[in-house]
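Here is how the chains run, residue by residue.
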Amino acid sequence: MSDVQVVTSREVPLGGPRAMTVRRTLPQRARSLVGAWCFADHYGPDDVATTGGMDVPPHPHTGLQTVSWLFSGEIEHRDTTGAHAIVRAGELNLMTGGSGVAHSEVSTPDTGTLHGVQLWTALPDAARHLPRSFVHHVPEVVALDGATVRVLLGTLAGSTSPVPTHTPLLGAEVVLQPGTELVLDVAPGFEHGVLVDRGPVVLDGVELGRAELGYTAPGRQQLTIGNPGDRGARVMLLGGEPFPEPVVMWWNFIGRTHEEIARYREDWESGSARFGQVEGYGGQVQRLPAPPLPTVRLKARMAPPAARDPSAWG
């Protein structure tokens, strides 16, 4: 029996008429949250000449922050804060949805290979109605023995990100050379998820493959991540204090009740000022329509008891 829970990904199309396929690791039935991290898409490496790349028309968000991180390629980002930015490899772009924001994402014409992750964090009640905002940050590269670390959010390996968060969080890219075993000091009050981009890697004795996430419950002061292979490995390390509030997630919205989500959907479909207008997007579809609401009431997502209890993992 292991105290590392392995969460596998599923393939889903990323909206719009030129939908690209991504591997979605969070949320899953087995695990909805890692700290406040509530959504993780992993994509690429995609040959843009073959796949057509990314072209996601303007779409809305509420109650969350988006964390965009690339390993290769570039994405043009436009949003209703007025931000027009290029997402580049090794550079953090963080957008706060708060009470409402909309944005578009398009791979640039010069991008040959597109490869990265799109992550969300849920905002707590105290922050989920904040005005929309956008932050860009280039993390320093921290060289360790046989590995490098870039800290997007929080603190790891002596490096602290200046980007503020609304709950205690950790987000970092870790690259391991072949044959490396890395021991990282971590906050014992955090739960952690190791999302594999390029593997396999071994997390505390459990092997993880590409697009798998290894989850560990609070209580650990260290994580051991190893690369048993003959080429470099790369993971995203996500962590945070267990999120204490139930969240209702549907489409691109995070709220607390079915009624809130229904109101957000109605506001988007009616062109409400809640989300604003994305300027400059040149695609054929000017905005993504919201899908119909399900015929049953939306329920709050929390990590199920079986997923929180290591003895039930088998």
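In what follows, the structure referred to is the one given above.
Not measured: the values here are computed from a predicted model. Numbering of residues starts from 1 in each chain and follows the order in which that chain's sequence is written. In view of the model being predicted, local features appear only for residues whose pLDDT reaches at least 70, and side-chain atom pairs are presented and counted only at 80 or more, with totals across whole chains, interfaces and linings using the full set of residues. Remark: hydrogens and water are excluded; side-chain values derive from all non-hydrogen atoms of the structure.

Participant: In this structure, what is going on with the overall build of the protein? I would like to understand it.
Facilitator: Comment: elements are numbered from the N terminus, with helices defined as DSSP H or I runs of at least four residues and strands as E runs of at least two. Helix and strand counts for the protein stand at 3 helices and 26 strands. A globule of 314 residues ought to have a C-alpha radius of gyration of about 20 Å, and the protein, at 19 Å, matches this closely. Taken over the C-alpha atoms alone, the protein extends approximately 55 × 45 × 35 Å along its principal axes. Partly exposed describes any residue whose relative accessible area lies between the buried limit of under 20% and the exposed limit of over 50%, with all areas from a 1.4 Å probe on protein chains only and scaled to the type maximum. Across the 314 residues that make up the protein, the buried fraction comes to 55%. Contact criterion: two residues are considered in contact whenever any of their non-hydrogen atoms come within 4.5 Å of each other. Relative to all contacts within the protein whose residues are 6 or more apart in sequence, the contacts with residues 24 or more apart total 72%. Of the accessible surface of the protein, which amounts to about 12900 Å², a share of 50% is contributed by carbon and sulfur atoms. Charge assignment: positive for Lys and Arg, negative for Asp and Glu; neither His nor the chain ends contribute. Note that the charge is assigned to NZ on lysines, CZ on arginines, CG on aspartates and CD on glutamates. Both charge centroids of the protein, one from 25 positive and one from 33 negative side chains, sit 7 Å from each other. The globule rule used here is 2.2 Å times the number of residues to the 0.38 power, and the radius of gyration it is set against is calculated over C-alpha atoms. Areas reported as accessible are Shrake-Rupley estimates using a 1.4 Å probe. Residue values count occlusion only from the protein chains shown.

Participant: Would you take a moment to explain the sheet that holds strand E22 (residues 213-216) for this structure?
Facilitator: Paired through backbone hydrogen bonds, the strands of a sheet run either parallel or antiparallel to each other. DSSP bridges decide pairing: two strands pair if at least two such bridges lie between them. Across the sheet, which stays open at both edges, the 7 strands sit in the order E1-E22-E19-E24-E17-E14-E13 with antiparallel pairing between neighbours. Since the sheet does not close on itself, it has two edges, and those belong to strand E1 (5-7) and strand E13 (141-144), each with one partner. Sheet twist, expressed as the mean angle between neighbouring strand axes with direction ignored, is 25°. Relative to strand E14 (residues 147-153), E13 is paired through 4 bridges, and the arrangement is antiparallel. Of the residues in E14, the one forming a bridge with valine 142 is valine 149. Axes, fitted as lines to C-alpha atoms, cover a helix only where it is in contact. Angles between the N-to-C directions of the axes lie from 0 to 180 degrees.

Participant: When you look at the sheet that holds strand E8 (residues 84-88) in this model, what are you seeing that I'm missing?
Facilitator: Read across the sheet, 4 strands follow the order E5-E10-E7-E8 without closing on themselves; strand pairing throughout is antiparallel. Two strands bound the open sheet, and with one partner strand each, they are strand E5 (55-61) and E8. Across the sheet, the axes of successive neighbouring strands diverge by a mean angle of 25°, strand direction being ignored. As paired elements, strand E7 (residues 74-79) and strand E10 (residues 101-107) share 5 bridges and run antiparallel to each other. Residue pairing in the sheet places isoleucine 75 in a bridge with serine 107 of E10.

Participant: Could you clarify how one ought to interpret the pattern of salt bridges in this entry?
Facilitator: Pairing between side chains becomes possible if they bear opposite charge and their charged atoms approach one another. In the sections that follow, a salt bridge refers to a side-chain nitrogen of Lys or Arg positioned within 4 Å of a carboxyl oxygen of Asp or Glu. Tallied over the entire structure, the rule returns 13 salt bridges. In this structure, aspartate 204 and arginine 220 form a salt bridge, with 2.3 Å as the shortest nitrogen-oxygen distance. Pair noted here: aspartate 204 is in the loop between strand E20 (201-203) and strand E21 (206-208) and arginine 220 is in the loop between E22 and strand E23 (222-226), with a separation of 16 residues, a long-range link. Looking at arginine 220, the relative accessible area reads 16%, which means it is buried. Across the salt bridge formed by arginine 256 and glutamate 245, the nearest N and O atoms sit 2.7 Å from each other. Remark: glutamate 245 occurs in the loop between strand E24 (233-240) and strand E25 (248-250) and arginine 256 occurs in the loop between strand E26 (253-255) and helix H2 (258-269); sequence separation between them is 11 residues. The two residues arginine 256 and glutamate 245 agree in class, both being buried. Here the residues in one salt-bridge network are Asp125, Arg128, Glu245, Arg256 and Glu260, joined through shared partners.

Participant: Just to check I follow, could you spell out the nonpolar core for this structure?
Facilitator: Nonpolar side chains in soluble globular proteins tend to be buried together. Here the nonpolar core consists of buried residues drawn from Ala, Val, Leu, Ile, Met, Phe, Trp, Tyr and Cys, with membership extended through side-chain atoms lying within 4.5 Å. Trp37, Cys38, Val67, Leu92 and Leu153 are the most contacted members of the largest nonpolar core, which has 33 residues in total. Within the residue set of this core, elements represented by two or more residues are strand E4 (37-47), strand E6 (64-72), strand E9 (92-96), strand E11 (113-122), E14, E22 and E24. Leaving out residues up to four positions away in the same chain, leucine 92 has contacts with Val67, Ser68, Trp69, Val135, His136, His137, Pro139, Leu152, Leu153 and Val163. By size, the runner-up hydrophobic cluster in this structure holds 25 residues, among which are Val149, Ala172, Leu203 and Leu223.

Participant: Just to check I follow, could you spell out unusual backbone geometry for this structure?
Facilitator: Negative phi characterises most residues that are not glycine, and trans characterises most peptide bonds. In this structure, proline 27 follows leucine 26 across a cis peptide bond, with omega equal to -5°. Relative to the helices and strands, proline 27 resides in the loop between strand E3 (20-26) and E4. The phi torsion at aspartate 204 lies on the positive side, around 45°, for a residue other than glycine. On the basis of relative accessibility, which here comes to 24%, the residue aspartate 204 falls in the partly exposed class.

Participant: Help me out: how do you make sense of the packing of aromatic side chains in this one?
Facilitator: Here a Phe, Tyr or Trp ring, Trp counted by its six-membered ring, pairs with any other such ring whose centre lies within 6.5 Å, and the pair is stacked when the planes are under 30 degrees apart, edge-to-face when over 60, and tilted otherwise. Per the counting criterion, the structure on display carries 7 aromatic pairs. Ring centres of tryptophan 250 and tryptophan 251 lie 6.3 Å apart, and the angle between their planes is 55°; on these two criteria the pair is classed as tilted. A relative accessible area of 27% means that tryptophan 251 is categorised as partly exposed. Cluster of aromatic residues (ring-pair linked, three or more members): Trp250, Trp251, Phe253, Tyr264, Trp268 and Phe275.

Participant: Can you walk me through the pairing of E22 in this structure?
Facilitator: Consecutive side chains of a regular strand alternate in pointing toward one face of the sheet and then the other. Both faces of E22 are covered, namely the face carrying Leu213 and Tyr215 and the face carrying Gly214 and Thr216. Alignment of E1 against E22, held across 3 bridges, turns out to be antiparallel. In the strand pairing of E22, valine 7 is matched with leucine 213. Judged from the 4 bridges that link them, strand E19 (residues 191-198) and E22 form a sheet pairing that is antiparallel. The residue bridging leucine 195 from the neighbouring strand is leucine 213, located in E22.

On their own, these measurements won't tell you what the molecule is for.
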